[in-house]
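# Coordinates in review
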Amino acid sequence: MKNLELAKQLRRELHQHPEVSNEEVWTKQHLIHFLKKHTQLEIVDKGAWFYAVYRAGKDRKNIAFRADFDALPMPEVIDIPHASKNPGVSHKCGHDGHAASLAGLALEVDQKGTDQNIFFLFQHGEETGDGAIQCAPLIKEHNIEEIFAYHNMSGMAFNSINVIDGTAHCASKGMIIHMEGSPAHASQPEDGVNPSFAIAKIIDAIPELTSPGKNKGLVLCTVVHVNIGERAFGLAASKGELLLTIRALYEEELDTLQKNLEDLAVEQAGKYGVKVSFSYHDEFPETVNHKESSDKIRRVSCEKGYQLVEMKEAFRASEDFGHYTKLTKGAIFYIGNGENYPHIHTYEYDFRDEIIETAVELFKGLGEI
């Protein structure tokens, strides 16, 4: 019980000092300090991220458990004792709880031991897709044979364990189509080159490109922002940007959608005489669970008496955990916050400390198989 209370207190401390992706300096150092104070584990600082290791022996299996620790650029508006002290930033996705759960596991393994070599991977930058791709070399460097993670999730029965084989999270990326023509007076638009019409044609084609009849799985293209010209009625637009989030159940479908959008943009740019270029942001792979690993989650869940729920479909939202499962076996599972609990990424949300124990117990069981 002492370890659980330490983990809960750690969670609240992390919650009070949230940091957005790639700026988690205090968060990382506080986690390292916690592990140094309460465990004898080897700790390896990798700059933006770190990992700790429990070594059972050279001939033992190498297993990793991952937790993310970045926060969101959202203000804390609910009245809680451990409210964020950093204006405009808060842990509204529960990564404070994920990190505290992994630290709680580290306490248990350090004190009680296990037959496997355990790597505790504390990862930065999940929300922007920057983190896992930087941490992924750990897999090959240390011959990690299997990796697990969990995410808290609202809309699922409280303390239930939710799992799926195959794709668990869609692949996605932010796409910006940049177009540039030449300016003209609004009274003589024929003297300039306006990108508005080319951008309009691209937007108009999106429903056709993403239609279910033309794709193997779910494919989405969401218009998130359009910026064309200036707020000046005497000037015809000459520059424009179209920001899209493209998303697909399968990466090959995402690649096809991206190529189709690029080809269409080039075609329309040629037709209207504008220059076109592309840039990409917040890129996430598809996250694929290996059935062997998912089955272990099922087995441990049943052995420990937790409610096991088979998910019927993947999450549309993305997760960078897929970078790891491209390199080794592994799976991500979900612990329910409650069917009517506030959803993650909303102002009313706060991580439920009660599920830390569930996460630690699941991880412990997985580390013993």
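These remarks concern the structure in this document. (Residues numbered from 1 in each chain as written. Predicted model: local features only at pLDDT ≥ 70, side-chain atom pairs only at ≥ 80, totals over all residues. Heavy atoms only, no water.)

## Notes on helix 8 (residues 291-303)
The terminal C-alpha atoms of helix 8 lie 18 Å apart, and with 13 residues this matches the ideal 18 Å at 1.5 Å per residue to within 8%. Lining the buried residues of helix 8 we find strand 5 (146-154), strand 6 (161-163), strand 14 (287-289), strand 15 (308-310), strand 16 (329-338) and helix 10 (354-367). (Helix = DSSP H or I, 4+ residues; strand = E, 2+ residues; numbered from the N terminus. Expected span 1.5 Å × (residues − 1). Contact = heavy atoms within 4.5 Å.)

## A closer look at the packing of aromatic side chains
Aromatic rings in a pair are described by how distant their centres are and how their planes are angled relative to each other. Scanning all chains against the criterion turns up twelve aromatic pairs. Where F65 meets F148, the ring centres are 6.0 Å apart and the plane angle is 25 degrees; that geometry is what we call stacked. Highlighted residues: F65 in strand 3 (residues 62-68) and F148 in strand 5, separated in sequence by 83 residues. With respect to class, F65 is no different from F148; both count as buried. Ring centres of F315 and Y334 lie 4.8 Å apart, and the angle between their planes is 65 degrees; this geometry places the pair in the edge-to-face category. On the criterion of sequence distance, the pair formed by F315 in the loop between strand 15 and helix 9 (322-325) and Y334 in strand 16 is long-range, its members being 19 residues apart. Directly above the ring of Y250 sits K216, whose terminal nitrogen or CZ lies 5.0 Å from the centroid. Cation over ring: R352 sits above F158, and NZ or CZ is 4.0 Å from the ring centre. (Phe/Tyr/Trp six-rings, centres within 6.5 Å; stacked < 30°, edge-to-face > 60°. Buried < 20%, exposed > 50% of the residue type's maximum accessible area, 1.4 Å probe, protein only. Lys NZ or Arg CZ within 6 Å of the ring centre and 35° of its normal.)

## Overview of the pattern of salt bridges
Scanning the entire structure with this criterion turns up 30 salt bridges. Where D96 meets R11, a salt bridge forms, and the shortest distance between an N and an O atom there is 2.9 Å. Taken together, the residues span a long stretch of sequence, with D96 in helix 3 (residues 95-112) and R11 in helix 1 (residues 2-16) at a distance of 85 residues. Taken as a pair, D96 and R11 share a single burial class, namely buried. Close ionic contact of R60 with D59 constitutes a salt bridge, the shortest N to O distance being 3.6 Å. Assessed through its relative accessible area of 68%, D59 is described here as exposed. One network of salt bridges, with partners in common, ties together R11, R12, D96, D350 and D353. (Salt bridge = Lys/Arg side-chain N within 4 Å of Asp/Glu carboxyl O.)

## Thoughts on the sheet that holds strand 10 (residues 219-228)
Pairing within the open sheet is antiparallel, and its four strands lie in the order 10-12-8-13. At either margin of the open sheet sits one strand with a lone partner, and together these are strand 10 and strand 13 (275-284). Ignoring strand direction, the axes of neighbouring strands in this sheet form an average angle of 20 degrees. As paired strands, strand 8 (residues 171-180) and strand 13 are joined by eight bridges and run antiparallel to one another. (Pairing = 2+ DSSP bridges. Axes fitted to C-alpha atoms, helices over the stretch in contact; angles between N-to-C directions.)

## Brief notes about a nonpolar patch on the surface
Together, I203, V223 and V226 line one region of the surface with nonpolar side chains, adding up to about 190 Å² of accessible area. When you line up the elements, I203 lands in helix 6 (residues 196-209). Exposure remark for I203: the relative accessible area of 30% places this residue in the partly exposed category. (Patch = residues over 30% accessible without salt bridge, like charges linked within 9 Å, V, L, I, M, F, W, Y side chains within 5 Å. Areas by Shrake-Rupley, 256 points an atom, 1.4 Å probe, with all protein chains shown as cover.)

## Re the environment of L327
Its place among the elements puts L327 in the loop between helix 9 and strand 16. Its relative accessible area of 32% is what places L327 among the partly exposed residues. Residues L327 and K140 lie 187 residues apart in sequence; the distance between their C-alpha atoms is 7.6 Å. Ignoring any residue separated from it by four or fewer positions in sequence, one finds L327 in contact with A136, I139 and K140.

## As for the pairing of strand 16
Both faces of the sheet carry side chains from a regular strand, because those side chains alternate between them. Judged by how many residues are buried, strand 16 sits mostly within the fold: nine of ten residues are covered. Direction of pairing for strand 5 relative to strand 16: parallel, over a ladder of nine bridges. The residue bridging Y150 from the neighbouring strand is F333, located in strand 16. Pairing of strand 6 with strand 16 involves two bridges; the strand directions are antiparallel. Paired with N162 across the strands is Y334, a residue of strand 16.

## Topic: the packing of helix 2 (residues 25-38) against helix 3
Helix 3 packs onto helix 2 with a crossing angle of 20 degrees between their chain directions and a minimal axis gap of 10 Å. The angle between the axes of helix 2 and helix 3 places the two elements in the roughly parallel class. Where helix 2 crosses over helix 3, the two elements pack in a sense that is right-handed. In contact with L31, F34, L35 and H38 of helix 2, helix 3 contributes A99, A103, A106, L107 and D110. Across the contact of helix 2 with helix 3, the residue classes break down as seven nonpolar, one polar and one charged. (Parallel < 35°, antiparallel > 145°, perpendicular 65-115°, else oblique. Left-handed = near helix turned anticlockwise from the far one by under 90°. Nonpolar A, V, L, I, M, F, W, Y, C, P; charged D, E, K, R; others polar.)

## Topic: the nonpolar core
In this structure, F65, F120, F122, I297, Y324 and F333 are the most contacted members of the largest nonpolar core, which totals 73 residues. If you tally residues by element for this core, the top one is helix 3, at eight residues. Of all hydrophobic cores here, the second largest spans 22 residues; its members include I199, L242, L244 and L254. (Core = buried A, V, L, I, M, F, W, Y, C linked by side-chain atoms within 4.5 Å.)

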